[in-house]
Amino acid sequence: QLLDYKSDIFFETGTYQGYTARIASEIGFDKVITVELQSYLYNEAKSLSSQYNNIEFFLGDSPTIITDVLTGIDDTKTITFWLDAHIGPGNFVAGQTPDIRKCPLYDEINAIKSLKRNDHTILVDDLRIFTEDNEWGVNLQDLIDSIKQINPEYKITFIDGDVENDVLVAKV
């Protein structure tokens with residue numbers, strides 16, 4: 001499905017093991033940038049993706065990396081954002097997982113809002129976990145409202161991911 005949202009750059013938050021970054025590379029994104037907060041996942045993803053020359057890996061806090069890396073990008077370049085950073089039971093390792101917010105989604109949206117262009121495609125994965133009173137503090141309507149603050153012309157749709165309608169798509 002990523003092929004439907006192809007642009008110049010694919011920017012992923014929440015690398016995990018690098019699967020989505022590798023798919024983006026394989027389907028022809030010119031440049032793939034992926035950010036992981038946890039060093040053990042960052043190292044694993046880099047190792048599993050060593051044969052991919054167009055993937056850049058960053059270790060750190062995704063909103064900061066968005067701002068630091070993309071502020072200098074040529075504003076003629078279009079970006080497809082895949083926002084998938086959240087710490088949960090499946091990727092929390094005591095003593096290794098940084099003590100930071102569990103989900104940087106709203107901060108990522110604010111970082112995207114600070115970029116020169118306001119028409120990049122934004123995909124938010126794993127909507128199924130953002131149920132009412134979820135541990136990540138994400139509310140679907142608040143999320144949509146935040147995205148529309150970037151550009152009120154965004155059309156919001158949903159596509160299947162791991163489950164039906166698991167991915168929010170914001171596209172102008």
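Above this text sits the structure in question.
Cut-off values and rules
Residues numbered from 1 in each chain as written. Predicted model: local features only at pLDDT ≥ 70, side-chain atom pairs only at ≥ 80, totals over all residues. Heavy atoms only, no water. Helix = DSSP H or I, 4+ residues; strand = E, 2+ residues; numbered from the N terminus. Rg over C-alpha atoms; globule rule 2.2 N^0.38 Å. Buried < 20%, exposed > 50% of the residue type's maximum accessible area, 1.4 Å probe, protein only. Areas by Shrake-Rupley, 256 points an atom, 1.4 Å probe, with all protein chains shown as cover. Lys, Arg positive; Asp, Glu negative; His and termini not counted. Charge placed at Lys NZ, Arg CZ, Asp CG, Glu CD. Axes fitted to C-alpha atoms, helices over the stretch in contact; angles between N-to-C directions. Parallel < 35°, antiparallel > 145°, perpendicular 65-115°, else oblique. Contact = heavy atoms within 4.5 Å.

Engineer: I keep staring at the overall build of the chain and nothing clicks. Help me out?
Structural biologist: Broken down by element type, the chain carries 5 helices and 7 strands. Counting from the amino terminus, helix and strand elements in the chain follow one another as β-α-β-α-β-α-β-α-β-α-β-β. Against the compact-globule benchmark of 16 Å for 172 residues, the chain has a radius of gyration of 15 Å, which places it among compact chains. A principal-axis box enclosing the C-alpha atoms of the chain has dimensions of 40 × 40 × 30 Å. The buried share among the 172 residues of the chain stands at 48%. Put simply, the chain shows about 8500 Å² of open surface, and 47% of that area lies on carbon and sulfur atoms. Side-chain charges in the chain split into 14 positive and 29 negative, and the spacing between the mean points of these groups amounts to 7 Å.

Engineer: Can you help me understand the environment of Asp125 in this one?
Structural biologist: Relative to the assigned elements, Asp125 resides in the loop between strand E5 (121–124) and helix H5 (140–150). Exposure remark for Asp125: the relative accessible area of 10% places this residue in the buried category. Along the backbone, Asp125 and Ala170 are 45 residues apart, and their C-alpha atoms lie at a distance of 12 Å.

Engineer: Got a minute to help me understand the packing of helix H3 (residues 62–70) against helix H4 (residues 105–113) in this structure?
Structural biologist: Orientation of H3 relative to H4, taken along the N-to-C sense of each, is 10°, at an axis distance of 8 Å. On the basis of the axis angle, H3 is roughly parallel to H4. Packed against H3, whose contacting residues are Ser62, Pro63, Ile66 and Thr67, the element H4 presents Asp107, Glu108, Ala111 and Ile112 at the interface.

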